[in-house]
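Residues per chain are reported as follows:
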Amino acid sequence: NGLTRVPRPTAAQLRYQRHEIAALIHFNMATFQKDGDPGCTKDNWNTKQPYAVGPSSDPKSFNPTKLNTTQWAEVMQNL
């Protein structure tokens, strides 16, 4: 069969696998530009929506006043 050794997970990989859920939050200015899509493509980067102060590439136009990242962390901890 050509295999002389079966790959085994490392100790770090085993620790990681013990958890049921892992989270990655990708949140940026483009998130609000096109259906919540956080991708930076020509369709939603450096564009300006009617409700926005400026284009998505301008940090001055990004001021989420109701953003509660503590709530995000609490939800993930309670899963």
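The text that follows walks through the structure, step by step, so that each part is easy to find. Within any chain, residue numbers begin from 1 and follow the written order of that chain's sequence. With pLDDT at 70 or above as the cut-off, local features in this predicted model cover only qualifying residues; side-chain atom pairs require 80 or more to be listed or tallied, and sums for whole chains, interfaces and linings still use all residues. Only hydrogens and water are removed before side-chain values are computed, so all heavy atoms of the structure are retained for them.

**Observations regarding the overall build of the protein**
- Every helix listed is a DSSP run of H or I at least four residues long, and every strand listed is a run of E at least two residues long, numbered separately from the N terminus. Within the protein, the regular secondary structure consists of two helices and zero strands.
- Of all 79 residues assigned to the protein, the portion counted as buried reaches 13%.
- In what follows, residue pairs with any heavy atoms lying within 4.5 Å of each other are defined as contacts. Once local pairs closer than 6 in sequence are excluded, the contacts in the protein between residues at least 24 apart make up 28%.
- Residue exposure ignores everything except the shown protein chains as possible cover, and the areas themselves are Shrake-Rupley values with a 1.4 Å probe. Of the roughly 7,000 Å² of accessible surface on the protein, 54% is carried by carbon and sulfur atoms. Partly exposed describes any residue whose relative accessible area lies between the buried limit of under 20% and the exposed limit of over 50%, with all areas from a 1.4 Å probe on protein chains only and scaled to the type maximum.

**Quick look at a nonpolar patch on the surface**
- A cluster of nonpolar residues, Ile21, Ile25, Val75, Met76 and Leu79, forms a patch on the protein surface that exposes about 460 Å² of accessible area.
- Among the structural elements, Ile25 can be located in the loop between α1 (11-17) and α2 (69-77). The patches described consist of residues with a relative accessible area above 30% and no salt bridge, like charges being joined within 9 Å and nonpolar side chains (Val, Leu, Ile, Met, Phe, Trp, Tyr) within 5 Å. By salt bridge we mean one thing: a side-chain nitrogen of Lys or Arg within 4 Å of a carboxyl oxygen of Asp or Glu.

**Some remarks on the environment of Thr31**
- Along the chain, Thr31 falls in the loop between α1 and α2.
- Given the relative accessible area of 13%, Thr31 is considered buried.
- On a C-alpha basis, the gap between Thr31 and Trp45 in space is 9.5 Å, while along the polypeptide they are 14 residues apart.

Taken by themselves, the reported measurements are silent on function.
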